[in-house]
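# Chains, contacts and geometry: an overview
Each chain, written out:
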Amino acid sequence: MTTTLRPYRPADLDAVVALSLRAWESAFASWREILGERLYDLAYPDWRRSQAAEVRGACEKHPATTVVAERDGRVVGFATTVLGEPAPEGARTADLEIIAVDPDVQGDGIGRRLVDAALSLMRDAGCAYANVWTGGAPGHGRARGVFEARGGTP
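Residues numbered from 1 in each chain as written. Predicted model: local features only at pLDDT ≥ 70, side-chain atom pairs only at ≥ 80, totals over all residues. Heavy atoms only, no water.

With that settled, the discussion passes to the pairing of strand β2 (residues 66-71). In terms of residue burial, β2 counts as a mostly covered element, since six of its six residues are buried. Residues of β2 alternate between two faces, with Thr-66, Val-68 and Glu-70 on one and Val-67, Ala-69 and Arg-71 on the opposite face, all of them buried. In this sheet, β2 lies alongside strand β1 (residues 3-7) in antiparallel orientation, the contact comprising five bridges. Across the sheet, Leu-5 pairs through a bridge with Ala-69, a residue of β2. The pairing of β2 with strand β3 (residues 74-83) spans six bridges and is antiparallel. Of the residues in β3, the one forming a bridge with Ala-69 is Gly-77. Linking two consecutive strands that pair antiparallel, namely β2 and β3, is a turn of two residues; a positive phi of about 50° is found at Asp-72 within it. (Buried < 20%, exposed > 50% of the residue type's maximum accessible area, 1.4 Å probe, protein only. Helix = DSSP H or I, 4+ residues; strand = E, 2+ residues; numbered from the N terminus. Pairing = 2+ DSSP bridges.)

Here the structure, examined in full by the defined rule, presents three aromatic pairs. Taking 5.1 Å as the distance between ring centres and 90° as the angle between the ring planes, the aromatic pair formed by Phe-28 and Tyr-44 counts as edge-to-face. Separated by 16 residues along the polypeptide, Phe-28 in helix α1 (residues 13-43) and Tyr-44 in the loop between α1 and α2 (47-61) bring together distant segments of the chain. For the ring pair Tyr-40 and Tyr-44, a centre distance of 5.3 Å and an interplane angle of 50° mean the geometry is tilted. Looking at Tyr-40, the relative accessible area reads 2%, which means it is buried. (Phe/Tyr/Trp six-rings, centres within 6.5 Å; stacked < 30°, edge-to-face > 60°.)

Within strand β4 (residues 92-101), seven of the ten residues are buried, which leaves it mostly tucked inside the rest of the structure. Note: β3 against β4, seven bridges, orientation antiparallel. In the strand pairing of β4, Ala-79 is matched with Ile-99. Taken together, β4, helix α3 (residues 110-124) and strand β5 (residues 127-132) form a β-α-β motif whose crossover is right-handed. (Right-handed = clockwise from strand over helix to strand, strands pointing away.)

Gaps left between atoms show up when a probe the size of a water molecule is rolled over them. By volume, the second largest pocket is sized at about 510 Å³. Around the second largest pocket, the lining comprises 17 residues; the ones closest to its centre are Ala-130, Asn-131, Val-132, Gly-152 and Thr-153. Breaking the lining of the second largest pocket down by element, the ones donating at least two residues are α3, β5 and α4 (141-149). When residues of the lining of the second largest pocket are assigned to their parent elements, the largest contribution, four residues, is made by β5. Class assignment for the residues of the lining of the second largest pocket results in nine nonpolar, five polar and three charged. (1 Å grid on protein atoms, 1.4 Å probe; cavity = no way out; pocket = protein on both sides within 12 Å on 5 of 7 lines; lining within 4 Å. Points joined across faces, edges and corners; volume = space filled by probe spheres on them. Nonpolar A, V, L, I, M, F, W, Y, C, P; charged D, E, K, R; others polar.)

A few words now on the pattern of salt bridges. According to the stated counting rule, one finds twelve salt bridges in the structure shown. Arg-6 is the salt-bridge partner of Asp-12, the closest N and O atoms lying 2.8 Å from each other. Given the relative accessible area of 12%, Arg-6 is considered buried. Arg-32 is the salt-bridge partner of Glu-37, the closest N and O atoms lying 2.6 Å from each other. The exposure class assigned to Glu-37 is partly exposed, which follows from its relative accessible area of 47%. (Salt bridge = Lys/Arg side-chain N within 4 Å of Asp/Glu carboxyl O.)

Under the 1.5 Å per step criterion, the end-to-end length of α1 is only 26 Å for 31 residues, more than 12% shorter than the ideal 45 Å. Where α1 bends most, the angle comes to about 120°, and this point is Gly-36. Every buried residue of α1 is listed here: Leu-13, Val-16, Val-17, Leu-19, Ser-20, Leu-21, Ala-23, Trp-24, Ala-27, Phe-28, Ser-30 and Tyr-40. Buried residues along α1 sit in contact with α2, β3 and β4. (Expected span 1.5 Å × (residues − 1). Bend = angle between axes of the 7 residues up to and from the residue. Contact = heavy atoms within 4.5 Å.)

Next up, the structure:
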């Protein structure tokens, strides 16, 4: 099966939201275990709703810098990059704002390819520094591994 990367299209939005919620299920389960029921319910009363809103907002605000992974006509991953404004001193920065890979295809190298695409976009835009934020919970372990393998430091 071939996975291709392509620019985001507005018609991708529902598929991107759905796969991201499946992808982050384990991360939020990890937080539930770490925090316990009471604190977790206070911190994340409806994580699916808030995460869906975050994904929608990122894709709608930054469609030109969102990349989608597609396999057999199905959206299986995405990454949204936010480019900072060029600084007067020349050091432009960027954030890999949000990334997810459908759990059905995790481990196939799609996350690595999406990170590489985001980093390439950043380099092409003249960025000297990239931010990627991820949680320290075990549910984020695979993502941290991908970022570190691409040169990121904790």
